Amino acid sequence: MNYETIVIGAGLAGMLAALVRAERGERVMMLAKGHGSTHWAAGCLDLLADADDPLGAINQLVQARPAHPYALAGVAALEQALARVRGVAEAAGYPLVGNAGRNLLMPTALGALRPTAFVPATMVNGEARQLGDGRPILIAGLHELRDFFPPLIAANLRAQGYAAEGVYLELPPVERSHDFNPVVMARLFERPAFRAEIGRQLATLVRKGGYARVGLPAVLGLYNAVEVVRELQALTGALIFEIPTLPTSVPGMRLFHAFEQALTKAGARIQIGGWVLRGEGSGSHLHAVFSEAASREQRHMARRWVLATGGIMGGGLRAEHTGVISETALGLPVRTPSGRSDWFQARFLDEAGHPVFRAGIAVDAQLRPLDAADQIVYTNVAVVGSALADCDPIREGCLEGIALATGFAAGQL
Amino acid sequence: MRTIETDVLVIGGGATGTGCARDLAMRGMRTILVEKGDLTHGTTGRYHGLLHSGGRYVTKDPQSATECARENVVLRKIMPHCLEDTSGFFVTTPWDDPAYGDVFVKNCRLTGVPVQEISVQAMLRREPVLNPRISRVFEVMDGSADSFLATRSTALSAEEYGAQIWTYHHVVDLVREGDRVTGAVVEDLRNGERIGILCACVLNAAGAWAGKIASMAGVTVTVLPGKGTMVAMNHRMLNTVVNRCKLPDDGDIIVPIHTVAVIGTTDVHVPDPDVYGIEPDEIQFMLAEGDKLIPGFSQYRALRAWAGVRPLYKDRDVANDRDIPRTFKLLDHAERDGVEGMLSIVGGKWTTYRLMAEESVDALAKRLGNTRPCRTAEEPLPLPPTEHQTTFRPPVRTTGPGASVAAEVEALQHAPLYWLGKHLAEVEREQSFADLICECEMASRSRVLAAIDAGAKNLDDIRRDVRMGMGPCQGGWCIYRTTALLFERRGQDGLSQANSNDALLHFLQARWKGLVPVLWGDQLRQARLDELIYVGVLGADRLRPIAEQGGGLVTDNPAVATEYVKA
Ligand SMILES: Cc1cc2nc3c(=O)[nH]c(=O)nc-3n(C[C@H](O)[C@H](O)[C@H](O)COP(=O)(O)OP(=O)(O)OC[C@H]3O[C@@H](n4cnc5c(N)ncnc54)[C@H](O)[C@@H]3O)c2cc1C
């Protein structure tokens, strides 16, 4: 099969790039070895953490740091990307709410408040400005779910001035399950009887405690979370909100599913489980890549390529103990911060972030990969998302923002 | 200042000091042990994990070899739950002098170290990952040992006999009246309170810090801190300890312990036992040495690195540091320096800790007029509450030099020897899969709670008890869970949410120190994922303003901080 575009990587950046190109009528395949960081992150859209007005701050950032992925993609691409991703989520019945001009502060599973720009509708009732209305809040979980601890969350919220209390609910009767991880819990919430029982318990607590809001782990169903929230609100009379748990991220999986639907509708092909090992090109043109799935090598051909394999976490970059960092799919040159002795800060949570995670691929204004002499390596490849150099998406709090902005920009080229 | 009186004050909660406290208490002497950190905070908690057969010392240090061989058998009888009967090989690789094999066997015989040569084929059948170019193999009674558990169990026994064990109590001064040491001043690190302890005798078992303690009484004891680094790999690629058959050197032993295999060690002189770093070339050197024993060793994932400091005692008449013997030495400061009321026990190994305690306490007993005999070699240690009273018994060894001892230990019907499948078997029996707090190390909720109830002063103490956070995920999940459980369990006893936050931040940082030396490849990828979890999902970086030391926890106290210096 000959594709017009093959996107390598199935994170937000790759999915959006694939979608935009497919919607332009191209034959597109998205090829990935596994899921992207959607499955690990909070399932919100972080644009820039330490700013009240992320969009305003990004406008300044692109002036000050011309090599930053936001600067390469451009602010307009970010804004269009946001509109498109919200459309995708909306179409899947899972709207994202928020505003690029104002960060929301969302409670975490530690009870800290984390800034982010857009959250699923299932979370928005937990936003700190709403929580601060003085009315009592209940944080409820289940002992069986070890990725969410209501007493600590509530205590930390109280320490920040919110009237929260934590409680454990009784697990409604279910057949024996070996492990109640977030995904298993989300499947249980798909069952009407299960959530009716949770709703009954919550209603009693709300009646007794006069809670205006109830925070629950973000496991309220995989496919119809908005419905589940609505139903629990009706049963309890309180506003319900989800708080992200430890991974696996159910909200992230929902976003992934929303994109899956959109991609299928747009006629794109998705192949997960193929590990891209190398490319084949002549001069500055990439013809084909080779992937390995079930130890069988497969050759894929396309006219245009989008590399969205992520950074060190995604596996798109790999660091060796010798101090060499390589790009794993095509062997592109990587910009690496000096030697291994300078890779890390002494403190794990140092605000500056660890220099090693700014390693990545340098690109030109059309996101084409550059070598050390700033020459274009492949003219028909665009690099997007966390694989790009000069940015630490986790510490800067722009993981989803740069993925979407660059993914969208690659779709437009 | 509050003052307390006792017969003997033991300084140091490592293997040696804790062993002394048990022996003293069993003989009926009133005993207080003070340790500035948790038990095993010093070298005992940072060693290689090898129950020595003695083989390593047969040529250079025959007395040590004989001591190790004897104590090896004793420890199997008194602390089976802390030991795994891995057996051990001394192997001649192409890089080792082939003539040493015969010397080795001869010296084993002379020192009483049981040994038996086996064929290379037999070795490869048992451990197929070993280098097929190995030319000779000698089997000895090496084992692996959990020093945290052993020291905990020893302390528990000491307490059952009436000793007081004060962890997180730092000796800040010794009291000397004329020619006599009469006690010490200690600081309770949880709240800064100073307490005076009056005693008939101080027993200085402070390991690499023994010189610092002695100097508080105006006595010179030269302990040369020799740092050794170890690297744990994420895979237990073999089940037998392997040693290179040559004179002891760097990076020549691999010990399978719990779920990992640990290679070590190095020996680098450091000026201070509290200030040292782990150099990248030490790690690279050991991984390269590992490849000689196990081809491809360096391609496994390194999980973490740590270093401990050898307490090498330098006698006044030794001119050259290389000639320092590895045996232990009991110093009677009355005879040696004319200062009454203090003994120091220095040097030695983990394997010989009990013997060191016996000799020290014999000397003390004589001085205090106590004539009761030592019984620490006969009476088994109790099991701490974090351990299951397990009914599963590992298969008993039927071949090799350890076989007769294995049968003897089994016949005693104490707790069985530790074996790798133990925690999994317990989890299967209790159907507690769904209640694992640390999946990598199979630490269930009930064991974590038991560690909290046992008085953990920070998350690192819990780690020592149940190995939480020591697996491949680097604590990504279990650090959060354990923090929350600590808060839920102690919230009623004055531990605030701010104290739990501080415990979390402290542990994340402590863990980071051990990770940095081995961060590349998959381990770096995991570290990045953990950064996403703690920063991008949990917002732990935003907790500082609502975090505070206290609630009976000890986190950032300089007295127990080890400063890693960058190379
Ligand atoms: C790298 C390395 C690997 C080793 N591997 C092995 C092995 O595999 N097998 C083996 O048998 N032996 C091994 N050893 C030797 C063995 O670990 C040590 O001999 C043994 O642990 C020493 O125990 P200890 O109780 O004497 O000293 P430590 O465990 O160091 O105890 C001394 C204690 O005193 C405390 N202390 C110090 N100052 C104060 C103060 N002012 N107030 C209160 N407390 C204080 C310290 O915190 C410390 O906990 C190894 C040693 C090293 C360095």
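Residues numbered from 1 in each chain as written. Chains lettered and ligands numbered in written order. Predicted model: local features only at pLDDT ≥ 70, side-chain atom pairs only at ≥ 80, totals over all residues. Heavy atoms only, no water.

## Comments concerning the sheet that holds strand E3 (residues 50-51) of chain B
All names here are of chain B. Here we have 3 strands laid out as an open sheet, ordered E3-E8-E4, and antiparallel in their pairing. For this open sheet the edge positions go to E3 and strand E4 (83-84), each flanked by a neighbour on one side alone. As paired elements, E4 and strand E8 (residues 143-145) share 2 bridges and run antiparallel to each other. Residue Glu84 lies in a different strand from E8, and its bridge partner there is Ser144. (Pairing = 2+ DSSP bridges. Helix = DSSP H or I, 4+ residues; strand = E, 2+ residues; numbered from the N terminus.)

## A look at the UniProt feature "domain: BFD-like [2Fe-2S]-binding" (unreviewed entry) in chain B
Feature annotation in UniProt places "domain: BFD-like [2Fe-2S]-binding" (unreviewed entry) on residues 436-486 of chain B, given in this structure's numbering. For residues 436-486 of chain B, the end-to-end C-alpha separation is 15 Å, with 51% helix and 10% strand making up the annotated structure. (UniProt positions renumbered as here; feature names shortened; annotations may be inferred.)

## As for the sheet that holds strand E8 (residues 164-169) of chain A
All names here are of chain A. Strand order in the open sheet formed by 4 strands is E8-E7-E9-E10, and the pairing between neighbours is parallel. The sheet is open, and its two borders are formed by E8 and strand E10 (239-243), each paired with just one other strand. Within the sheet, the average angular offset between the axes of one strand and its neighbour, ignoring direction, is 25°. When strand E7 (residues 137-142) meets E8, the two strands line up parallel, connected through 6 bridges. Paired with Ala140 across the bridge in E8 is Val167. (Axes fitted to C-alpha atoms, helices over the stretch in contact; angles between N-to-C directions.)

## Concerning the interface of chain B and chain A
Each partner contributes residues to the interface: chain B has 52 residues there, and chain A has 59 residues. Surface buried jointly by chain B and chain A totals about 5,100 Å² across both partners, of which 63% is contributed by carbon and sulfur atoms. Here chain B is connected to chain A by 6 salt bridges. Elements that contribute at least two residues to the side of chain B that touches chain A include exactly strand E21 (436-438), helix H14 (478-490), helix H15 (497-515) and helix H16 (521-537) of chain B. Element by element, the count of residues in the side of chain B that touches chain A is highest for H16 of chain B, at 13 residues. Of the residues that constitute the side of chain B that touches chain A, the class distribution is 27 nonpolar, 11 polar and 14 charged. (Contact = heavy atoms within 4.5 Å. Buried area = accessible area lost by both parts, 1.4 Å probe. Salt bridge = Lys/Arg side-chain N within 4 Å of Asp/Glu carboxyl O. Nonpolar A, V, L, I, M, F, W, Y, C, P; charged D, E, K, R; others polar.)

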